Amino acid sequence: RGETRNATPYATHQAAGTGHVDNIIELSAVRKEFVVRSGFLSRPQRFVALAGSTFSIPRGSTVAIVGESGSGKSTTTRLVLGLDAPTSGSITFEGAETSAFTKKELFDFRRRVQPVFQNPFASLDALFTVGATIVEPLVVHGWGTKESRAVRLLELLDAVALPADIAARYPHELSGGQRQRVAIARALALQPELIVLDEAVSALDVLVQAQILDLLTRLQHEFGLSYLFISHDLAVVRQISDFVHVMQNGVIVESGTPDEIFDSPREQYTRELLAAIP
Ligand code: ADP
Ligand code: MG
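This section reports on the structure supplied with the text. Everything numeric here is computed off the predicted structure, so don't read it as measured data. (Residues numbered from 1 in each chain as written. Chains lettered and ligands numbered in written order. Predicted model: local features only at pLDDT ≥ 70, side-chain atom pairs only at ≥ 80, totals over all residues.)

Some details on unusual backbone geometry
This is how it is decided: Secondary structure counts use DSSP, requiring at least four H or I residues in a row for a helix and at least two E residues in a row for a strand, with both numbered from the N terminus. Whether a residue is buried, exposed or partly exposed is read from the other C-beta atoms within 10 Å of its own C-beta, which are placed from the backbone; 20 or more gives buried, 12 or fewer gives exposed, and intermediate counts give partly exposed.
Phi angles above zero are rare outside glycine, and Glu94 is one such case at about 50°. Summarising the element assignment, Glu94 is placed in the loop between β4 (88-93) and β5 (96-97). For Glu94, a count of 15 C-beta atoms within 10 Å puts it in the partly exposed group. The phi torsion at Glu199 lies on the positive side, around 55°, for a residue other than glycine. Structurally, the position occupied by Glu199 is in the loop between β7 (194-198) and α7 (206-223).

See the structure below:
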């Protein structure tokens, strides 16, 4: 893993001539509060899900966030995807403040930043074939003709190593690993630059996890993708990431390379996460 990382020319490359790292996205002091009630009759209270996250994703790299359930990982992904707005702080995409996006800019942002979730198509099973599921973003974005989308579909299936005849099947007829490949193909359809993977391999068994991680690494090299990779599982994160943030109760408590986090964790919380690896 170490060798592949060093051999990756775009891992954390510097923007030509500028002397600074080319970040695709930057979060600065991002805070997210929710209004919650502890009981039916109790007063609404403010709950701090993110206490002020600051991190960035260098173009072409994989940045991971690990932490136990409830630590604020999915809240982070929803903010990065623009599905929810921070209470305070700033998120910039290629230097532009996402909260100031016009409708047109937001539409373009939604094309360039794509999600892959843990259990894709759980609610769509009976409705769409694999083919329709993958080309749907193309239809939404008015990409190509019916014929050119059919060609693109075959390219996408090939990219994720699925056979062409799977296009006529329904997601519920596929294995978990195949379904996740379909989700990745769909995410790739509009040629995004950043893919946000929220527990994308967590529901898969170890062997299939490894296959999907290999696929993600290959696609990153092929298409120069950046990943925000979310997982509660430090062992998975070690395999794929260039940089790791450890999150506890909405706070990034420790950051480092996978080797630093694994071999010399500074925080007790990180040691506990490591101890949880079988
Ligand atoms: P993780 O993905 O790390 O398991 P989440 O980001 O989903 O954690 O949640 C972080 C905390 O924020 C949890 O305590 C969760 O209950 C709370 N939370 C998340 N979304 C909401 C919401 N829409 N309303 C109220 N609380 C929420
Ligand atoms: Mg989550």
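Looking at the site of ligand 1
Applicable threshold: Put plainly, near means the residue's C-beta atom, positioned from the backbone, lies within 6 Å of the molecule or strand in question.
Near ligand 1 the following residues occur: Phe34, Val36, Phe47, Ala49, Gly67, Ser69, Gly70, Ser71, Gly72, Lys73, Ser74 and Thr75. If you list the elements that add at least two residues to the shell around ligand 1, you get β1 (23-36), β2 (45-58) and α2 (73-80). If one sorts the elements of the shell around ligand 1 by residue count, α2 sits on top with 3 residues.

Points about the packing of helix α4 (residues 130-140) against helix α6 (residues 176-188)
The criterion, for reference: Interaxial angles span 0 to 180 degrees and are taken between N-to-C directions of axes, which are lines fitted to C-alpha atoms, for helices over the stretch in contact. Under this scheme an angle from 65 to 115 degrees is roughly perpendicular, one under 35 degrees roughly parallel, and one over 145 degrees roughly antiparallel; angles in between are oblique. Here a crossing is taken to be left-handed if its near helix is turned anticlockwise relative to the far helix by less than a right angle, and right-handed if that turn runs clockwise. Contacts are defined on C-beta atoms placed from the backbone: any two residues whose C-beta positions lie within 7 Å are in contact. All amino acids are sorted into three groups, where Ala, Val, Leu, Ile, Met, Phe, Trp, Tyr, Cys and Pro are nonpolar, Asp, Glu, Lys and Arg are charged, and the leftover types, Gly among them, are polar.
Orientation of α4 relative to α6, taken along the N-to-C sense of each, is 30°, at an axis distance of 7 Å. Here α6 runs roughly parallel to α4, going by the angle between their axes. Where α4 crosses over α6, the two elements pack in a sense that is right-handed. Here α4 contributes Val130, Thr133, Ile134 and Pro137 to the contact with α6, which in turn contributes Val182, Ala185 and Arg186. Classifying every residue of the contact of α4 with α6 gives 5 nonpolar, 1 polar and 1 charged.

Brief notes about α4
For α4, every residue scored as buried is listed here: Val130, Gly131, Thr133, Ile134 and Val135. In the core, the buried residues of α4 are packed alongside α5 (146-159) and α6. In the stretch just after α4, Gly142 is the one whose phi turns positive, near 65°.

Limitation: the analysis is restricted to geometry and does not speak to function.
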